[in-house]
Amino acid sequence: MADDSTFSKEAAHELATVKAATLIESLPWLKRFSGKIVVVKFGGNAMVNDDLKRAFAEDMVYLRYAGLHPVVVHGGGPQISAALKEQGIQSEFRGGYRVTTTEAITVVRDVLAGEVNREIVDLMNEHGAGIGVGVFGDGGSLFTGEKKGVVVDGEHFDLGHVGDITHVDPSGVLDAIRANQIPVVSSIAIDDAHPDQALNVNADAAAAALAIALGASKLMMLTDVPGLYRNWPDRDSIIDLIAVEELRELLPSLESGMIPKMTACLDAVVGGVGGATIIDGRIPHSILLEVFTLRGAGTEVIPDPSRRTENQNTHAEIGRRGPASPIQHPEHADDTKGNAR
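Here the structure is a predicted model, which is why all the values come from computation and not from measurement. The numbers attached to residues start from 1 for each chain and follow its sequence in the written order. Local features in this predicted model are restricted to residues of pLDDT 70 or higher, and side-chain atom pairs are both shown and tallied only at a pLDDT of 80 or more, whereas totals for entire chains, interfaces and linings draw on every residue. The basis for every side-chain value is the complete set of non-hydrogen atoms in the structure, without hydrogens or water.

> Describe the overall build of the chain, and please don't skip the residues or the numbers.
Segments assigned H or I by DSSP are reported as helices when at least four residues long, segments assigned E as strands when at least two residues long, and all are numbered from the N terminus. The helix and strand inventory of the chain stands at 12 helices and 14 strands. Whether two residues are in contact is decided by their heavy atoms: any pair within 4.5 Å suffices. A separation threshold of at least 6 residues defines the contact pool for the chain, and within that pool the share at least 24 residues apart is 73%. Calculation of accessible area relied on Shrake-Rupley with a 1.4 Å probe; when residues are assessed, cover is drawn exclusively from the protein chains displayed. For the chain, the exposed surface amounts to about 15800 Å²; the carbon and sulfur share of it is 52%.

Next comes the structure, spelled out in structure tokens:
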């Protein structure tokens, strides 16, 4: 009769075999994305759960050491609300946007740059000093924007220091990539009409605009749902792949919380990004599941329906996703492109 040590050795060997199979499964993805830029929008529950934050930082560092160039874009809604409450500033929302007064924009900048950005960078740097670096949206004119208002029930409201991105200068981010660092970007823009003032911009839109400006191979958006549902709340209607035209038709019928995220994915793909994926950030290491496994994760927006056939024909080589459009290496990227109007 075999003793416990025999069973233990067999179990260890079986586990090692599974690990080896997973590493081999990632080989086509490493070939596809090596040297390419991938932009990741960090948000949802992953931003407030300590274990998920740490897992996210590990994922980004893993991607970098695996030869990819991850770029992180973040907002900070929960942290901003908490800071405003602490300082006695009321949080008011109109049409889904936070009304941002002159007093509030100072708090927003401090929270995004001094709290959220720094924490992400510090978690990355636990795995190598200097591998993560903060790049601020209103620093060096990375994001330039213009103020926006909103119409609710036929009435126009002034949102204060809230705006849309009109131009992206990715040179600072590219400098960090060339230095083999992971840029961590805050979603704050300079007001084009008043360069001494800042604008609070939607982090989903900021991630899409930066992905376009960088010529990214992929945009990934962390959310609190498994993906896009065709007929919510039917959980069996989750969509694996959706082409641009189909998404345009579906967009008006989506839940309000998904519209900004799917609009950002749509804009990114139309703007030349190889693919844009909605990923459930509540799952630890969901980024690695998306990038490196045949199963993938979430819902991917693709340029056109013909890519569905490509995915079927090339499954054995690159998994369920179709090949991305060729993207320039950052050393050869055109720093002048990036108008995100």
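Moving on from the model shown.
> Can you break down the sheet that holds strand β5 (residues 132-136) residue by residue, with the values?
DSSP-based pairing: two strands are paired if at least 2 bridges between them are found. Reading across from one edge, β5-β8-β2-β1-β11-β13-β14-β12 is the order of the eight strands in this open sheet, with mixed pairing throughout. Strands at the two margins of the open sheet, each flanked by one partner only, are β5 and β12 (241-243). Neighbour-to-neighbour, the strand axes of this sheet turn through a mean angle of 20 degrees, independent of strand direction. In the sheet, strand β2 (residues 69-74) pairs with strand β8 (residues 182-186) via three bridges, with the strands oriented parallel. Looking across to β8, one finds that V73 is bridged to V185. As a rule, the C-alpha atoms of each element are fitted with a line to give its axis, helices using only the stretch in contact, and angles between N-to-C directions run from 0 to 180 degrees. Across the face of the sheet, helix α3 (residues 50-65) comes into contact with β1 (37-42), β2, β8 and β11 (218-223) while running at roughly 150 degrees to β2.

> I'd like a description of the nonpolar core, backed by residues and values.
Residues V39, L210 and L219 are the most contacted members of the largest nonpolar core, which totals 46 residues. Ranked by residues supplied to this core, first place goes to helix α7 (residues 203-214) with eight residues. Note on terminology: a nonpolar core comprises buried Ala, Val, Leu, Ile, Met, Phe, Trp, Tyr and Cys residues joined through side-chain atoms within 4.5 Å. To sort residues, take the accessible area from a 1.4 Å probe on protein chains only and compare it with the maximum for the residue type: under 20% means buried, over 50% means exposed, and anything in between is partly exposed. Residues W29, V72, I120 and I131 belong to the second largest nonpolar core, which totals 42 residues.

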